[in-house]
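# Commentary on secondary and tertiary structure
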Amino acid sequence: MQRHINVLQLERFCGLPLKMTGEEKAKYIQDMKQFYQKGLQLGGKGSNMEVQLATPYILLAILVAMEAAQDTSKLWDIVLELEVASQKNKHNSQLSLLLLKLYATLG
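For the structure given in this document, a descriptive report is provided here. Since the model is a prediction, treat every value here as computed from it, not as a measurement. (Residues numbered from 1 in each chain as written. Predicted model: local features only at pLDDT ≥ 70, side-chain atom pairs only at ≥ 80, totals over all residues. Heavy atoms only, no water.)

## Some remarks on the overall build of the chain
Basically, it comes down to this: Secondary structure is summarised from DSSP: a helix means a run of H or I of at least four residues, a strand means a run of E of at least two, and numbering begins at the N terminus for each. Atoms counted for the radius of gyration: C-alpha only. Globule rule: 2.2 Å times the number of residues to the power 0.38.
Within the chain, the regular secondary structure consists of five helices and zero strands. The secondary structure elements of the chain, listed N-terminal to C-terminal, are α-α-α-α-α. Computed over its C-alpha atoms, the radius of gyration of the chain comes to 14 Å, within 12% of the 13 Å expected for a compact globule of 107 residues. Considering only C-alpha atoms, the chain reaches an extent of 35 × 35 × 20 Å along its principal axes.

## Regarding helix 1 (residues 2-13)
Spacing of three or four residues puts side chains on the same side of an α-helix, whose turn is 3.6 residues. Cut-off, in case you're wondering: Every helix has an expected span of 1.5 Å times one less than the residues it contains. Only protein chains enter the calculation, and the probe is 1.4 Å; a residue is then buried if its accessible area is under 20% of its type maximum, exposed if over 50%, and partly exposed in between. Regarding the arc, it is the one traced by the directions from the helix axis to the C-beta atoms. Contact criterion: two residues are considered in contact whenever any of their non-hydrogen atoms come within 4.5 Å of each other.
The terminal C-alpha atoms of helix 1, which comprises twelve residues, lie 16 Å apart, in line with the 16 Å expected from a rise of 1.5 Å per residue. Looking only at helix 1, the buried set comprises I5, L8 and R12. Buried residues of helix 1 fall within an arc of 65 degrees about the axis and therefore sit on the same side. Counted as exposed and oriented over 90 degrees from the buried face of helix 1: R3, L10 and F13. Structurally, helix 1 contributes buried residues whose contacts are with helix 2 (22-43) and helix 3 (55-68). Just beyond helix 1, the residue with positive phi is G15, at close to 90 degrees.

## Some details on the nonpolar core
Selection criterion: In plain words, nonpolar cores are sets of buried Ala, Val, Leu, Ile, Met, Phe, Trp, Tyr and Cys residues tied together by side-chain atoms within 4.5 Å.
Grouped together as the largest cluster of nonpolar side chains are 28 residues, with contacts concentrated most on I78 and L82. Counting residues per element, the ones that place at least two in this core are helix 1, helix 2, helix 3, helix 4 (72-88) and helix 5 (93-106). Residue contributions to this core peak at nine residues, all from helix 3. Sequence-distant contacts of I78, that is, excluding residues within four places in its chain, are made with I62, A65, M66, A69 and L102.

## A closer look at the environment of N6
Note on placement: N6 falls in helix 1. Along the primary structure N6 and L53 are separated by 47 residues, whereas in three dimensions their C-alpha atoms are 12 Å apart.

## Regarding the layout of surface pockets
Put simply, the test is: Cavities and pockets are found on a 1 Å grid laid over the protein atoms alone: a cavity is a set of points where a 1.4 Å probe fits but cannot escape, a pocket is an open set with protein on both sides within 12 Å along at least five of seven lines, and a lining residue has an atom within 4 Å of such a point. Grid points are joined across faces, edges and corners, and a volume is the space filled by probe spheres set on the points. Each residue is assigned to one class: nonpolar for Ala, Val, Leu, Ile, Met, Phe, Trp, Tyr, Cys and Pro, charged for Asp, Glu, Lys and Arg, and polar for all the others, Gly among them.
The space that makes up the largest pocket amounts to roughly 230 Å³. Lining the largest pocket we find I29, K33, I58, A61, I62, A65, A68, A69, K74, D77, I78 and E81. By residue number, the principal contributor to the lining of the largest pocket is helix 3, which donates five residues. Along the lines of polarity and charge, the residues of the lining of the largest pocket split into eight nonpolar, no polar and four charged.

Structure (structure tokens):
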């Protein structure tokens, strides 16, 4: 799983998601959410304080969704996704910082 995450993060750093069409971005986001759910199942039912190894999947999905968002209603959907993810992993600073950024953007 970690190798897969590393490859996806390298693709993101190289700008691959920026070159995708709207349909491809939607499929990419959906795939990342599915990988996240499967990763949570593999991680077991640990404590909220433990680091969730699948968190990078939802972060990638959210970052691409933020780039693809056209209006504030989609940004609110992203905030909801972030809130759910942060409840499963309360001590992840990246999730918290993204939430702060979105709340500041939305007002």
